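# Inside the fold
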Amino acid sequence: KVLNHNNKSNFGRQPNFDEQIDPLLEKLQNSPLYANRLDYYGNSIPLGAFCFAVSFVLYGFYECKVFSKPDSFIYTILLIFGGIGQLTAGAFEYVKARTFPTVVYLLFGLYFISFFLCNKYFNQLFIIDCRKIYFGTWAGLTFPVFIGSFKTNVIYILQIASVLGFFIVRCIGECRSYDVLNTTVSGILALVTGFL
């Protein structure tokens with residue numbers, strides 16, 4: 001009726017589907033329900049940031065040899081917080097159409113899951129040559145994220161830069177067999193990342 005009333009010249013003509021649906025879509029898009037449809041989900045940034053921080057701080061303690069030996073508790077925390085927690089935050093960030101946090105949380109969530117699996121279940125296969133490729137690959141994956149962080153805030157830039165430095169230091173340490181790079185330096189970079 002509204003369409004026929006507004007279009008006097010086409011009075012009596014049956015409007016097609018597009019003419020019927022366009023005004024309804026316009027009303028829906030301007031309604032508060034549509035505009036706030038993504039706000040029904042909680043803010044997942046604190047969840048992702050907390051999981052990111054806890055996992056990297058524990059990982060830094062692990063690399064600095066604060067713990068006498070890596071045990072099931074450390075690996076489980078890294079799996080739950082570093083892996084599953086960040087994947088969950090990344091999924092909710094994807095729903096909210098926030099691309100950069102989605103990539104960050106999914107990427108590092110997958111890193112901690114792969115780290116857990118390599119050290120817990122494939123420890124015999126995770127030899128020196130594999131570690132070189134492993135940390136080098138993660139450095140290569142982190143570099144584009146570091147470039148993308150330039151369009152975000154300073155904290156993101158510092159975080160991703162320290163993560164990239166961590167992977168590069170670990171890769172160099174594995175290639176040159178420098179224990180100080182594999183333990184103390186990489187652990188300090190992981191701690192800095194977590195505290196940032």
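Computed from a predicted structure; not experimentally measured.

### Description of the overall build of the protein
On a plain count of helices and strands, the protein comes out with 9 helices and 0 strands. Tracing the protein from N to C terminus, the helices and strands come up as α-α-α-α-α-α-α-α-α. Buried residues in the protein amount to 38% of all 196 residues. Put simply, of all contacts in the protein between residues at least 6 apart along the chain, 65% involve residues at least 24 apart. In the structure as shown, the protein presents an accessible area of about 11600 Å², 67% of it carried by carbon and sulfur atoms.

### As for the pattern of salt bridges
A pair can form between side chains of opposite charge whenever their charged atoms are brought close. For the structure shown, the criterion picks out 1 salt bridge. Residue arginine 98 pairs with glutamate 93 through a salt bridge whose shortest N-O separation is 3.3 Å.

### A closer look at the packing of helix α6 (residues 99-120) against helix α8 (residues 154-176)
Contact geometry of α6 with α8 gives a least axis separation of 13 Å together with a crossing angle of 30°. In terms of orientation, α6 and α8 fall into the roughly parallel class. Every pair of crossing elements has a handedness; the one defined by α6 and α8 is left-handed. Between α6 and α8, the residues in contact are Phe100, Pro101, Val104, Tyr105, Phe108 and Tyr111 and Tyr156, Ile160, Val163, Phe166 and Phe167, respectively. Its residues assigned to classes, the contact of α6 with α8 shows 11 nonpolar, no polar and no charged.

### Some details on the environment of leucine 191
Among the structural elements, leucine 191 can be located in helix α9 (residues 179-195). When the C-alpha atoms of leucine 191 and phenylalanine 61 are compared, they prove to be 7.4 Å apart, with 130 residues separating the residues in sequence. For leucine 191, the contacting residues outside a window of four places in its chain are Phe56, Val57, Gly60, Phe61 and Cys64.

### Re the side chain of serine 114
When you line up the elements, serine 114 lands in helix α6. Discounting chain neighbours no more than four positions away, the residues touching serine 114 are Tyr134 and Trp138.

### Description of the packing of aromatic side chains
This structure, assessed with the given rule, holds 22 aromatic pairs. With 5.0 Å between their ring centres and 75° between their planes, tyrosine 111 and phenylalanine 167 make a pair best called edge-to-face. In this pair, tyrosine 111 sits in helix α6 while phenylalanine 167 sits in helix α8, placing the two residues 56 residues apart along the sequence. Phenylalanine 167 matches tyrosine 111 in its accessibility class, with the two residues each being buried.

### Focus: α6
The terminal C-alpha atoms of α6 lie 31 Å apart, and with 22 residues this matches the ideal 32 Å at 1.5 Å per residue to within 8%. Counting buried residues in α6 gives 16 out of 22 residues, a clear majority hidden from the surface.

What counts and what doesn't
Residues numbered from 1 in each chain as written. Predicted model: local features only at pLDDT ≥ 70, side-chain atom pairs only at ≥ 80, totals over all residues. Heavy atoms only, no water. Helix = DSSP H or I, 4+ residues; strand = E, 2+ residues; numbered from the N terminus. Buried < 20%, exposed > 50% of the residue type's maximum accessible area, 1.4 Å probe, protein only. Contact = heavy atoms within 4.5 Å. Areas by Shrake-Rupley, 256 points an atom, 1.4 Å probe, with all protein chains shown as cover. Salt bridge = Lys/Arg side-chain N within 4 Å of Asp/Glu carboxyl O. Axes fitted to C-alpha atoms, helices over the stretch in contact; angles between N-to-C directions. Parallel < 35°, antiparallel > 145°, perpendicular 65-115°, else oblique. Left-handed = near helix turned anticlockwise from the far one by under 90°. Nonpolar A, V, L, I, M, F, W, Y, C, P; charged D, E, K, R; others polar. Phe/Tyr/Trp six-rings, centres within 6.5 Å; stacked < 30°, edge-to-face > 60°. Expected span 1.5 Å × (residues − 1).

Remember that the coordinates give geometry; whether it matters functionally is a separate question.
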